[in-house]
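# A look at the structure
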Amino acid sequence: MAENIIKQAHAYTANIPLALISQGAEALVFTSPVHPYLPSPPTCAPDYILKYRPPKPYRHPVLDAQLTKHRTLSEARLLHKLALLDIPAPRVIHVNPKHGLLWMNNVAGPHGFSVKQWVWDIELATAPNSALRESVMKANMLQIGALIAKLHLNDIVHGDLTTSNIMIRPKMAAADASVPVPPHNILNPNLEPVLIDFGLGSHSALAEDKAVDIYVLERAVESTHPVNSETYKTWLLDGYVQEYERGGKGGKIRIKEVLRKLDEVRQRGRKRSMVG
Amino acid sequence: MICYDISDKFPAPQEGRNYFVAIGLEGSANKLGVGIMLQQLPTKHTPVPRAQVLCNIRDTYITPPGEGFLPRDTARHHRNWVVRLIKRSLEESVLPAKMSGEVENRPIRVNDIDCICFTQGPGMGAPLQSVVLAARAISLMWKKPLVGVNHCIGHIEMGREITGALNPVVLYVSGGNTQVIAYSHQRYRIFGETLDIAVGNCLDRFARTLKIPNYPSPGYNIEQLAKNGKNFVELPYTVKGMDLSMSGILAYVDNLANEIFNEKSNSKLKYTTTGQKITPEDLCYSLQETIFAMLVEITERAMAHVNTNQVLIVGGVGCNERLQEMMKTMVVDRQGEIFATDESFCIDNGIMIAQAGLLSYREGITTNIKSSVCTQRFRTDEVFIKWRTN
């Protein structure tokens, strides 16, 4: 089945080289060295990401076309909004809503990795309770928390926060030519997080939706990094709260509301309560 | 709050036997069901013996077209029929000779029964209460322990027993529930569910708008009408992450139906984009296509999430062949397997209550008569699944 879909993706992209990197329920993600408008690349670095939503054979064709178009467009719009807000996330290069294709830059760069992989690597490379692990981990977890807060302060919710939907990359300022970044240096002190996959993202000003967003992340951390999840969760939330508080009095009022909702959501789970 | 008596000792079968027998009473909605189930102990030759259905009977409270079932009337129906149904179930169940150790097959006797299982929730209050009352009465009369069962768990366990699915993602779709469930660490966890009304409720209420008969079931009649639908009418599509919402779709399609029936109206809504007049059949077809696509989508998401390729469909709407067909298309694409049961086990029945109840009874879980209250709200993930491993 996957081969067929990959064939379709090739057909819609004039047979450029595509390398499958992930396959979810809704979409396939490829990397490619080819830019849709610029001339052929000098290198073969996988600089671009293609997200392809294949047609679902179980759906009525009219419904399927409508959904693919709507979802691809809304994701592209959200990413564009993030670009305007200067929140690190993929930049849209090209959208083909009819065929469900979204062309983005490879925002994490060649030396980026998912937070999930990064945490696993650090847990392997450093001793538990070591000062090194704590300093690197804490700094980045605080940054991730702050990034999510930035998103929420702009009334955007991600909808599917997990450690595999957050990438981590060397800071762009530090990545200038004079200081070569060693590839895959997980202990690089100048890392920054990037959010990806806004397929379930939406605009929302409700504290409830933001609380659910954080709760989903907490649950994901618990299941993917069970050993130190409590510490990680504390750091993430600290970073989140600090970012709100930087906004002065207004921020403090908003964070209170979100935290109150978060307590509620934690008690009942993501689901509506059925006690009564 | 549901309380159980949990004993450290596992109950043994009656003397000289290698099997358990349970009677299950179900009445959480408009169906009253009684079932008698026999479970054998594992032996060397059959390490996982299949449960035997000795009897599975049901009486459904049917209302006239255009009307739903009200709790009070449904409860009265259950009270009127429960004694007759229990008596009939005892008469119809046959205990095989090789089980009883007697010369001939014989009808089951009250003494053969180990426990009485009843639906403790979720469901409509009044019907639940009348069936609990019957369960308590026979428990005192026959001096047998009670076992309260979560209705959803009953559906899941019966589906697993009948189809042999090991660890599937379960889509539970009925008149009162819509949930996508996967097992993990001794709980059936809800991955996605409806945020407002259930799928079956949506279909039933639309059937009322169209004034089509409630016999044998509104959903079945919609399915038959939908087979003649030709034009697809675009309806709202509301999947929110892993959850879905259906009240908006119902309101929209109800509105369309009213326009069609209103002769005076000249609304554009009466015509498709290609200018053809929309028929009730088209609406049934489009409604099914839309809400079933939503169900298949969240099921696929749950499958990707928990990394399994088995799907089990249970609940009354699970009988719908179009839903099964759509699910099959999706599952085959993922090289997986689909499991579904027929209407005798999909639609609410007593035997599934007996099955799930017997599983808990064999782990030493019973319900004290003092705590045998029923509850309208009883979440699937509240039940501790002692009989399954991690």
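Residues numbered from 1 in each chain as written. Chains lettered and ligands numbered in written order. Predicted model: local features only at pLDDT ≥ 70, side-chain atom pairs only at ≥ 80, totals over all residues. Heavy atoms only, no water.

## Side note on the overall build of chain A
The helix and strand tally for chain A stands at seven helices and 10 strands. Considering only residue pairs separated by 6 or more positions, chain A has 66% of its internal contacts joining residues 24 or more positions apart. Carbon and sulfur atoms make up 58% of the accessible area of chain A, which amounts to about 13,400 Å² in all. (Helix = DSSP H or I, 4+ residues; strand = E, 2+ residues; numbered from the N terminus. Contact = heavy atoms within 4.5 Å. Areas by Shrake-Rupley, 256 points an atom, 1.4 Å probe, with all protein chains shown as cover.)

## Describing the interface of chain B and chain A
Counting residues at the interface gives 33 residues for chain B, matched by 20 residues for chain A. Together chain B and chain A conceal approximately 2,400 Å² of surface at their shared face, both sides included; 56% is due to carbon and sulfur atoms. Our enumeration of links across chain B and chain A arrives at four salt bridges. The salt bridge involving B:Glu297 is made with A:Arg71; its shortest N-O contact spans 2.8 Å. Linking chain B to chain A there are four residue pairs in polar contact (both at pLDDT 80 or more). Contributing elements (two or more residues each) for the side of chain B that touches chain A: β11 (187–193), α8 (280–306) and α9 (321–333) of chain B. Looking at which element gives the most residues to the side of chain B that touches chain A, the answer is α8(B), with nine residues. Residues that form the side of chain B that touches chain A fall into these classes: 14 nonpolar, six polar and 13 charged. (Buried area = accessible area lost by both parts, 1.4 Å probe. Salt bridge = Lys/Arg side-chain N within 4 Å of Asp/Glu carboxyl O. Polar contact = N/O pair within 3.5 Å; in protein donor to acceptor, adjacent residues only side chain to side chain. Nonpolar A, V, L, I, M, F, W, Y, C, P; charged D, E, K, R; others polar.)

## Concerning the UniProt feature "domain: Gcp-like" (unreviewed entry) in chain B
The UniProt entry lists residues 56–354 of chain B under the feature "domain: Gcp-like" (unreviewed entry), expressed in the numbering used here. From the first C-alpha to the last, residues 56–354 of chain B spans 10 Å; its make-up is 47% helix and 18% strand. (UniProt positions renumbered as here; feature names shortened; annotations may be inferred.)

## Side note on the packing of helix α5 (residues 207–224) of chain A against helix α7 (residues 248–268) of chain A
All names here are of chain A. In contact at an axis separation of 8 Å, α5 and α7 are set at 55° when each is read in the N-to-C sense. When the axis of α5 is compared with that of α7, the two are oblique. As α5 packs across α7, the resulting crossing turns out to be right-handed. Two secondary-structure elements touch here, α5 through Ala207, Glu208, Lys210, Ala211, Val212, Ile214, Tyr215 and Glu218 and α7 through Arg254, Glu257, Val258, Lys261, Leu262, Val265, Arg266 and Arg268. Classifying every residue of the contact of α5 with α7 gives eight nonpolar, no polar and eight charged. (Axes fitted to C-alpha atoms, helices over the stretch in contact; angles between N-to-C directions. Parallel < 35°, antiparallel > 145°, perpendicular 65-115°, else oblique. Left-handed = near helix turned anticlockwise from the far one by under 90°.)

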